[in-house]
Amino acid sequence: MTDAARPALIDPLLGPASAGALLTVTGADRPGVTARLFAALESAAGGPVEVVDVEQVIVHGQLVLGVVVRGAAPTGASTLADRLEPIAADVAERTGMQVTVEPTAEAAVEVVAPSERTVRHQVIVLGRPVPPAAVAGAAQAIAGVGGNIEAIRRLSDYPVTSFELTVSGAGSTELRTALATVAAKTGTDVAVEQAGLARRSKRLIVLDVDSTLVRGEVIDELAARAGRAAEVARITAAAMNGELDFEQSLRARVAVLAGLPVSVLDEVREHLVLTPGARTLIRTLQRLGFRCGIVSGGFTQITDPLAAALGLDFAAANTLEVADGRLTGGLVGEVVDRAGKARALARFAAEHGIPLEQTVAVGDGANDLDMLNAAGLGIAFNAKPIVREQAHAALNQPYLDAVLQVLGFTRDEVLDAAP
């Protein structure tokens, strides 16, 4: 349906012949400006006006407030904007702000069928820093696929700088494809999510452990103590890149650990280093009501104490077989492989009564792909190329709490959630 063909609502108070005006207020932010403007509009001479749209933003103490109103069309050659000029001048004098008013091209409120509503997306640009070329490139890429930027806001300035762009008129696939090139050229991360209530309704997150929640690979540390580090590293790399079946590669790597004393597990666990931002991410999400847990292709002897120390709600991993105080080189129970990680996510979500579309999964390897795709939002964190290409979003920042910005949380919300 064309714009001309769409039916317009007729306000019984204003009548069909209504006119529109845009009032723009700019200047150093101070208390009472918004209240003063709307109080003046309430008492506007020449008949009532109706507020159609409002946008307000404060950038480094500078206020920009835009208000679209409509009212009964004035008689003669004058416009609604002309009628509101005295109000604009009075508000400017009383507040010390600059207030302008101009006619709008469209004053009628359109009725659009639900199927024709514009789908909006949130495009998040993250970097340390974010160069102007990244924002310019993102804007050009969005325009190139027919998108329009409706709003921009800063989400965070630490540990990464991030901006959220509200975009209409473009599809998810087109946006992700176009913006991936921008991210690669500028060294920033660009994530795309569909806007709406679903984005802020996430309630459960699962994290991979090795090279996601913690730095490095636990099995590599164990292999080093067995004198087989190089051999295991080659198998690990092939598995994480999707070149080997995960279960076969896992069993091959575990086999070389045969004979290691169980005490080695304690040594490795004590030397684990959390990824920067891991505690902030978990603490913030817990205070926001999330269920948080880990799903790992590693070992319960490592992950269970880690989950307890972080106060997590659940954990799933493989279990190393032990006999006479030493590792046998085998595993006990079901193997948590690529498919097993997705099953664990579904199980945890079901136990807590949370739909999968309200879950988040974060990982870095090919064995995380089923889990990432099963979640409502799958985030590749410093991941292998095959994972970045298939995940819903990808982060290449060194800080795990950058996940919060992908979820749409601002730095202020993170600070508010701090103990």
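Above this text is the structure in question.
Remember, predicted model here, so these are calculated numbers, not experimental data. (Residues numbered from 1 in each chain as written. Predicted model: local features only at pLDDT ≥ 70, side-chain atom pairs only at ≥ 80, totals over all residues. Heavy atoms only, no water.)

1. A word on the overall build of the chain
Move 1: In terms of helices and strands, the chain carries 15 helices and 15 strands.
Move 2: Here the C-alpha radius of gyration of the chain, 28 Å, is well above what a compact globule of 419 residues would show, namely 22 Å.
Move 3: Considered along the principal axes of its C-alpha atoms, the chain spans approximately 100 × 45 × 40 Å.
Move 4: Here the chain, with 419 residues, has 45% of them falling under the buried criterion.
Move 5: Across the chain, every contact between residues at least 6 apart in sequence was considered, and the portion connecting residues at least 24 apart equals 66%.
Move 6: Per element, the accessible surface of the chain, about 19400 Å² overall, is 52% carbon and sulfur.
Move 7: Treating the 36 positive side-chain charges of the chain as one cloud and the 49 negative ones as another, the clouds have centres 3 Å apart. (Helix = DSSP H or I, 4+ residues; strand = E, 2+ residues; numbered from the N terminus. Rg over C-alpha atoms; globule rule 2.2 N^0.38 Å. Buried < 20%, exposed > 50% of the residue type's maximum accessible area, 1.4 Å probe, protein only. Contact = heavy atoms within 4.5 Å. Areas by Shrake-Rupley, 256 points an atom, 1.4 Å probe, with all protein chains shown as cover. Lys, Arg positive; Asp, Glu negative; His and termini not counted. Charge placed at Lys NZ, Arg CZ, Asp CG, Glu CD.)

2. Some points on the environment of L306
Move 1: Within the secondary structure, L306 is located in helix α10 (residues 300–310).
Move 2: L306 sits 226 residues away from L80 along the chain, and the two C-alpha atoms are 65 Å apart.

3. Some points on the sheet that holds strand β5 (residues 120–127)
Move 1: A sheet is described by the order of its strands in space; here four strands give the open sequence β6-β7-β5-β8, paired in antiparallel fashion. Taken across any chain shown, the strands that pair with only one partner, and hence form the sheet edges, are β6 (148–156) and β8 (189–194). The sheet shows a mean angle of 20 degrees between the axes of neighbouring strands, direction not considered.
Move 2: Two elements, β5 and β8, share six bridges in a ladder whose sense is antiparallel. Opposite L126, over in β8, you have D189 as the bridge partner.
Move 3: Sheet strands touched by helix α4 (residues 172–186): β5, β7 (161–168) and β8. Its angle to β8, the strand with the most contacts, is close to 170 degrees. (Pairing = 2+ DSSP bridges. Axes fitted to C-alpha atoms, helices over the stretch in contact; angles between N-to-C directions.)

4. Points about the pairing of strand β9 (residues 204–207)
Move 1: Residues of β9 alternate between two faces, with L204 and V206 on one and I205 and L207 on the opposite face, all of them buried.
Move 2: Pairing geometry for β9 and strand β10 (residues 291–299), over four bridges, is parallel. Along β10, the bridge assignment pairs V206 with G293.
Move 3: In this sheet, strand β13 (residues 359–363) lies alongside β9 in parallel orientation, the contact comprising four bridges. Bridging from a neighbouring strand, L207 pairs with V362 of β13.

5. Here's the deal with the side chain of D364
Move 1: Mapped onto the secondary structure, D364 falls in the loop between β13 and α12 (369–374).
Move 2: For D364, the side chain forms a polar contact with the side chain of T212, separated by 3.3 Å.
Move 3: Discounting chain neighbours no more than four positions away, the residues touching D364 are D208, D210, S211, T212, E217, M240, F381, N382, A383, K384 and V387. (Polar contact = N/O pair within 3.5 Å; in protein donor to acceptor, adjacent residues only side chain to side chain.)

6. Re the pattern of salt bridges
Move 1: Overall, the coordinates contain 17 salt bridges when judged by the stated rule.
Move 2: Between E267 and R225 there is a salt bridge, and its shortest N-O distance comes to 3.5 Å. Linking E267 in helix α8 (residues 263–270) with R225 in helix α5 (residues 218–225), this pair joins segments that are 42 residues apart in sequence.
Move 3: The exposure class assigned to E267 is partly exposed, which follows from its relative accessible area of 35%. (Salt bridge = Lys/Arg side-chain N within 4 Å of Asp/Glu carboxyl O.)

7. A look at the side chain of D401
Move 1: Relative to the assigned elements, D401 resides in the loop between β15 (393–395) and α14 (403–406).
Move 2: Within the buried set, D401 has no salt-bridge partner at all; the shortest N-O distance to an opposite charge, 5.0 Å, is to R411.
Move 3: Filtering out sequence-adjacent residues up to four positions away, D401 remains in contact with P159, P276, G277, T280 and L281.

8. Concerning a nonpolar patch on the surface
Move 1: A surface patch of nonpolar side chains, amounting to about 210 Å² of accessible area, comprises V57, V59 and V64.
Move 2: Looking at the element boundaries, V59 is found in strand β2 (residues 49–59). (Patch = residues over 30% accessible without salt bridge, like charges linked within 9 Å, V, L, I, M, F, W, Y side chains within 5 Å.)

9. Some details on the pairing of strand β11 (residues 314–323)
Move 1: Of the strand pairs in this sheet, β10 and β11 are connected by four bridges, and their pairing is parallel. Bridging from a neighbouring strand, F299 pairs with N318 of β11.
Move 2: With α10 bridging β10 and the parallel β11, this β-α-β connection has right-handed handedness.
Move 3: Taken together, the four bridges between β11 and strand β12 (residues 326–332) define a ladder with antiparallel strand orientation. Paired with T319 across the strands is V332, a residue of β12.
Move 4: Connecting β11 to the antiparallel partner β12 that follows it, the hairpin turn spans two residues, and D324 within it adopts a positive phi of roughly 55 degrees. (Right-handed = clockwise from strand over helix to strand, strands pointing away.)

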